[in-house]
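Chains, contacts and geometry: an overview
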Amino acid sequence: LPISIYIAGASVGAGAALLAGASILELVDHSARLLTPALRPLESWRLVFLVVGAIGLTAAALLTSIAEPTRRGATAGDPVPPWREFMQFLRARSNLFGPYFVGFALCSTVGYGLLAWAPTFMVRTHHWPAAKVGYSLGLTITVMGATGVLLGGVLATYWRRRGIKDAAFRTATCGVGGMILPAAAAPFGANPDVSILLFGIAVFCLTFASGASAAAL
């Protein structure tokens, strides 16, 4: 559960990014007359990149003012295992690490592909304005993603306390299995609301597995 709480930040961040992008896009569209002559020929989405980039540079500059925290536990002075020893460790357990890394890497590929493709799909297929897509998907990903990862952590913890040693893997399997149908059906939704709903269910199931996958090792 603690790892799930930590990973929930990724869903909240992804959803917040879409919500913020939609807000900035609307702001740019409504403020076109205030732009300098050099920026007026640019499309709205290009201006959004400029605004977000400026915010990112500002945030990066502010991070330089944060002091490095005192390290606890492992320190730079602790011995680091040789690379050869590390590879031997992995090879000796290849039946575990091979399927684990390949399987969850493919799941991550599906997740990132879904997040990257869904907004364009809603614009091109259902003809939604980009800002509306950002608000709808942003709210969906924030709520469904955070809920999924937290409930996945709750289930894994429950099973673990009942003595099920592979609780994390079972939880991840449930999430990945539940994602397949809604992710495949979302592009064929009868209307945009159905597609958004199916995307939300797919995100819920995917994040349901994400916290458990990290805790499995």
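See above for the structure.
Summary of the structure given here. Since this is a predicted model, take the numbers as computed values, not measurements. (Residues numbered from 1 in each chain as written. Predicted model: local features only at pLDDT ≥ 70, side-chain atom pairs only at ≥ 80, totals over all residues. Heavy atoms only, no water.)

Across its full length, the chain holds seven helices and zero strands. Helices and strands in the chain line up, N terminus first, as α-α-α-α-α-α-α. Relative to its length of 217 residues, the chain is extended, with a C-alpha radius of gyration of 21 Å against a globular reference of 17 Å. By principal-axis analysis of the C-alpha atoms, the chain measures approximately 65 × 50 × 30 Å. Relative to its 217 residues, the chain shows a buried fraction of 31%. Per element, the accessible surface of the chain, about 14000 Å² overall, is 69% carbon and sulfur. In the chain, which carries 15 positive and 8 negative side-chain charges, the distance between the mean positions of the two groups comes to 8 Å. (Helix = DSSP H or I, 4+ residues; strand = E, 2+ residues; numbered from the N terminus. Rg over C-alpha atoms; globule rule 2.2 N^0.38 Å. Buried < 20%, exposed > 50% of the residue type's maximum accessible area, 1.4 Å probe, protein only. Areas by Shrake-Rupley, 256 points an atom, 1.4 Å probe, with all protein chains shown as cover. Lys, Arg positive; Asp, Glu negative; His and termini not counted. Charge placed at Lys NZ, Arg CZ, Asp CG, Glu CD.)

Another aspect to go through is the layout of surface pockets. Of the voids in this model, the largest pocket is the one considered here, and its volume is about 680 Å³. Lining the largest pocket we find 22 residues, and of these Leu-18, Gly-21, Val-48, Phe-49 and Pro-119 sit closest to its centre. Counting residues per element, the lining of the largest pocket draws most heavily on helix 1 (residues 2-30), at eight residues. Per-class residue counts for the lining of the largest pocket are 19 nonpolar, three polar and no charged. Together, 19 residues line the second largest pocket, and Ser-108, Tyr-112, Leu-206, Thr-207 and Ser-210 are the ones closest to its centre. Contributions of two or more residues to the lining of the second largest pocket are made by helix 1, helix 4 (94-126) and helix 7 (192-215). Considering every element that reaches the lining of the second largest pocket, the biggest residue donor is helix 7, with seven residues. In terms of residue class, the lining of the second largest pocket is made up of 13 nonpolar, six polar and no charged. (1 Å grid on protein atoms, 1.4 Å probe; cavity = no way out; pocket = protein on both sides within 12 Å on 5 of 7 lines; lining within 4 Å. Points joined across faces, edges and corners; volume = space filled by probe spheres on them. Nonpolar A, V, L, I, M, F, W, Y, C, P; charged D, E, K, R; others polar.)

On to the nonpolar core, then. Core analysis: the biggest nonpolar cluster contains 18 residues, and Met-122 and Phe-199 have the highest contact counts within it. Of all elements in the fold, only helix 4, helix 5 (130-161) and helix 7 reach the threshold of two or more residues within this core. With seven residues, helix 7 is the single largest residue contributor to this core. Beyond its immediate stretch of four places on either side in the chain, Phe-199 contacts Leu-114, Trp-117, Ala-118, Phe-121, Met-122 and Ala-186. Core analysis: the next-biggest nonpolar cluster, separate from the first, contains seven residues, Ala-22, Ile-24, Val-28 and Val-48 among them. (Core = buried A, V, L, I, M, F, W, Y, C linked by side-chain atoms within 4.5 Å. Contact = heavy atoms within 4.5 Å.)

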